[in-house]
Amino acid sequence: MTILAEALRACAAGILTAEAGVTLLIDCGGWLHRDDFTGQFITTGTSISDGTTLMAAIDWPSAVAALDAGRLPCGSGERHMLRLAASIAGGVPVSLCDSLTSIDHRNASLLTAAILHANGQTLNI
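What you see is a predicted model; the values in this text were computed from it and never measured.

Q: Kindly report on the side chain of R83, identifying the contributing residues and their values.
A: With respect to the helices and strands, the residue R83 is situated in helix α5 (residues 76-90). Judged by its relative accessible area of 18%, R83 is buried. Residues within four places of R83 in sequence aside, it is in contact with V64, L67, D68 and V94.

Here it is in structure tokens:
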């Protein structure tokens, strides 16, 4: 796991929806490797409780606004996964009709796990 991913998880820790959205964004790949995303929409800092833990937070509404304005060019699957993660973690509205019919099996599985996590559950098959 990258340092940035660890910092995002640390900041989201204890808030199920934040954990789920961050995990979804990390696991779907891509976004954390893009300077145009990480440089503009992720803020980093150090934990005030211990003074050493790196923390990072995503400005979900601004990221989706940039996506809508064409400032974050990407494929349709990446676009939908960012929107879904932003909706789960940050309450950003998303059209499930559009998003759910446009993601592949792997991303649908990641989304299912994220929804269950946000609800405090795990997938038991």
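Q: Can you tell me about the nonpolar core, naming the residues and giving the values?
A: Ranked by size, the top nonpolar core spans 37 residues in total, and within it L24, L25, W31, L32, F37 and W60 carry the most contacts. Broken down by secondary-structure element, the contributors of at least two residues to this core are α1 (3-12), α2 (16-28), α3 (35-41), β2 (54-58), α4 (60-68), α5 and α7 (105-118). Top element by residues in this core is α2. It accounts for seven residues.

Q: Give me the pattern of salt bridges: which residues, what numbers.
A: Taken as a whole and judged by the stated rule, the model has three salt bridges. With a closest N to O distance of 2.7 Å, R34 and D36 form a salt bridge. By relative accessible area, which is 17% here, R34 ends up buried. For D68, the salt bridge goes to R83, with nearest N and O atoms at 2.4 Å. Linking D68 in helix α4 with R83 in helix α5, this pair joins segments that are 15 residues apart in sequence.

Q: Quick rundown of α4? Include the residues and the values.
A: The set of residues buried in α4 consists of W60, A63, V64, A66 and L67. When α4 is viewed along its axis, its buried side chains cluster within an angular range of 155 degrees and face the same direction. On its buried side, α4 packs onto α2, α3, β2 and α5. Just downstream of α4 lies G70, where phi reads positive at about 80 degrees.

Q: So what's going on with the side chain of E19? Which residues, and what values?
A: Inspection of the secondary structure assignment puts E19 in helix α2. Here H117 takes part through its side chain, which lies 2.6 Å from a polar atom of the side chain of E19. Other than its neighbours up to four places away in sequence, E19 contacts A12, A13, G14 and H117.

Q: A description of the environment of D50 should follow, citing residues and the corresponding values.
A: Note that D50 resides in the loop between β1 (42-46) and β2. A distance of 2.8 Å separates a polar atom in the side chain of D50 from the backbone nitrogen of T52.

Reading guide: rules and limits
- Residues numbered from 1 in each chain as written.
- Predicted model: local features only at pLDDT ≥ 70, side-chain atom pairs only at ≥ 80, totals over all residues.
- Heavy atoms only, no water.
- Helix = DSSP H or I, 4+ residues; strand = E, 2+ residues; numbered from the N terminus.
- Buried < 20%, exposed > 50% of the residue type's maximum accessible area, 1.4 Å probe, protein only.
- Contact = heavy atoms within 4.5 Å.
- Core = buried A, V, L, I, M, F, W, Y, C linked by side-chain atoms within 4.5 Å.
- Salt bridge = Lys/Arg side-chain N within 4 Å of Asp/Glu carboxyl O.
- Arc of directions from axis to C-beta.
- Polar contact = N/O pair within 3.5 Å; in protein donor to acceptor, adjacent residues only side chain to side chain.

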